[in-house]
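Residue-level listing of the chains:
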Amino acid sequence: MRQNIHPMETSEVLERVGYLDLPIDTSLNIEEEIKRIKKEKKAIILGHYYIRPELQDISDFIGDSLGLAQKAEKTDAEIIVFLGVHFMAETAKILNPDKKVLIPDLKAGCSLAESAPADKFAAFKAKYPDHKVISYINCTAEIKALSDVICTSSNAKAIVESFPTEQKLIFAPDKNLGNYLNSLTGRDMVLYDGACMVHEQYSLEKILKIKEEYPDAEFIAHPECEKPVLLVADYIGSTTALLKYTSESKSEKFIVATESGILHQMKKNDPGKTYIPAPSVDSTCGCNDCSFMKLNTLEKLYLCLEHELPEIILSDELIEKSKKPILRMLEISRKLNL
Ligand code: 13P
Ligand code: SF4
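S.K.: Would you mind going over the site of ligand 1 with me for this structure?
M.R.: Neighbouring ligand 1 are 14 residues; H48, S153, H222, E224 and T239 lie closest to it. Measuring from an oxygen atom of ligand 1, one finds a backbone N or O atom of S65 at 3.0 Å. The contact in question runs from an oxygen atom of ligand 1 to an N or O atom on the side chain of H222, over 2.9 Å. Against a free-state accessible area of 300 Å², the protein chains account for coverage of 96% of ligand 1. Here the residues of the shell around ligand 1 are counted per class, giving four nonpolar, eight polar and two charged.

S.K.: Can you walk me through the nonpolar core in this structure?
M.R.: As a rule of thumb, nonpolar side chains are buried together in soluble globular proteins. Within the largest apolar cluster, 99 residues are counted, with the highest numbers of intra-cluster contacts made by I34, I134, F219, M266, L301 and M329. For I134, the residues in contact, after removing those within four places along its chain, are V149, C151, I159, V160, F163, L169, I170, F171, A172 and M189.

S.K.: Before we go on, may I ask you to explain the packing of helix α2 (residues 30–40) against helix α15 (residues 298–307) in this structure?
M.R.: Relative orientation and spacing of two packed helices are given, respectively, by the angle between their axes and the distance between those axes. Running from amino to carboxyl end, α2 crosses α15 at an angle of 30°, the nearest separation of the two axes being 10 Å. Here α2 is positioned roughly parallel relative to α15, judged by the angle of their axes. Regarding α2 and α15, the two cross each other, and that crossing is left-handed. In this structure, α2 contributes I30, E31, E33, I34, I37 and K38 to the contact, and α15 contributes L298, E299, L301, Y302, L305 and E306. Considered class by class, the residues forming the contact of α2 with α15 number seven nonpolar, no polar and five charged.

S.K.: Looking at this structure, I do not really get the side chain of S59. What am I missing?
M.R.: Take S59: it is sitting in the loop between α3 (53–58) and β2 (61–63). Exposure remark for S59: the relative accessible area of 13% places this residue in the buried category. Those residues in contact with S59 that sit more than four places away from it in its chain are I45, L46, G47, I51 and L83.

The rules behind these values
Starting afresh in each chain, residues are numbered from 1 along the sequence in its written order. Here every chain gets a letter starting at A, and every ligand a number starting at 1, in the order they are written. This being a predicted model, a pLDDT of at least 70 is required before a residue's local features are given, and a value of 80 or more before pairs of side-chain atoms are given or counted; all residues contribute to the totals for chains, interfaces and linings. To obtain the side-chain values, all non-hydrogen atoms of the structure were included, while hydrogens and water were left out. A cutoff of 4 Å decides nearness: a residue is near a molecule or strand if any of its heavy atoms lies inside that distance of it. Pairs of N or O atoms are called polar contacts if they sit within 3.5 Å, as long as, within protein, a hydrogen donor faces a hydrogen acceptor (for residues adjacent in sequence, only side-chain-to-side-chain pairs). Areas reported as accessible are Shrake-Rupley estimates using a 1.4 Å probe. Residue values count occlusion only from the protein chains shown. Each residue is assigned to one class: nonpolar for Ala, Val, Leu, Ile, Met, Phe, Trp, Tyr, Cys and Pro, charged for Asp, Glu, Lys and Arg, and polar for all the others, Gly among them. Joining through side-chain atoms within 4.5 Å is the link that ties buried Ala, Val, Leu, Ile, Met, Phe, Trp, Tyr and Cys residues into a set, and such a set is a nonpolar core. Classification of residues uses two cut-offs on accessible area relative to the type maximum, computed with a 1.4 Å probe and protein chains only: under 20% is buried, over 50% is exposed, and between them is partly exposed. Here, two residues are considered to be in contact whenever any of their heavy atoms come within 4.5 Å of each other. Axes here refer to lines fitted to C-alpha atoms; in helices the fit is confined to the stretch in contact. Angles between the N-to-C directions go from 0 to 180 degrees. By the criteria applied, helices consist of DSSP H or I runs no shorter than four residues and strands consist of E runs no shorter than two, each listed in order from the N terminus. Should an angle fall under 35 degrees it is called roughly parallel, over 145 degrees roughly antiparallel, and 65 to 115 degrees roughly perpendicular, with every other angle called oblique. Handedness of a helix crossing follows the sense of rotation of the near helix relative to the far helix, less than a right angle counterclockwise being left-handed and clockwise being right-handed.

Just geometry here; none of it tells us what the structure is for.
And the structure:
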């Protein structure tokens, strides 16, 4: 039996827990119900590669941060349900202020975005008045509003190179990606001191051991990893680039240094190849999983679609200010066919 709940009751629950936690009729086929409600409500489900496999499979579009922002910009769906983390859903809302944007769990944050609170970043930026600001999309709408342009790991190099070499730049909030971009482009961007806890947990020592154990495997890494790890990588790229690489490379084995959700797509694309998650410093922590991404579940997705909650709400002023740098990124990417 489906539950009818009072809206007041619903918002009170959400205030406390950040997601709907209502009983679900156990006789329901949740996946079928999700498909039914989605069609009925003209909703689209956008999912990031790091979410659980069953959620990747039920998404209408699965992609990296750039692909998802591009899809969100173009969709004519009436409701967007975002299976990812808060900053991604926020980006979809900024691009679609008149649409309802939902996220199954409001607590699906991001350690990297959290490493840059707006007041701290504003004080940092104030020290460099003649610098333009490039912000990685993994930041809050408030940080986007303080930026000149946004980038993702797919287009970061092109975004940096869109500025004349004499232009002084700040890169925020990911110091690892910023550091990698400085070495790639020869720039000397000032880096904000932020990082992702998933990508910073890889153990160089253990990676070197595993490389020795599998000499025929290629070691591939996301640029959010720390410099010593990137220095021993055979290939560095965004999630989409890593996926493309494992498909196109002649190698049969890969040691993968990024969130483990990506392995699902790699296995789907090329089931005959072997994918070894890169080892972390603590082998008992399950650190290759982003705990925020994994807050998304089928049950929460069902409740979210059914009750159209939790919803991303942003002020008109914040949408206005944060939209400009996102549109600039999308425009540059369009011109370069990215
Ligand atoms: P991309 O999706 O741009 O590869 O970024 C990975 C990531 O950490 C998303 O949070
Ligand atoms: Fe944020 Fe890292 Fe999780 Fe990506 S993997 S959402 S950067 S905490």
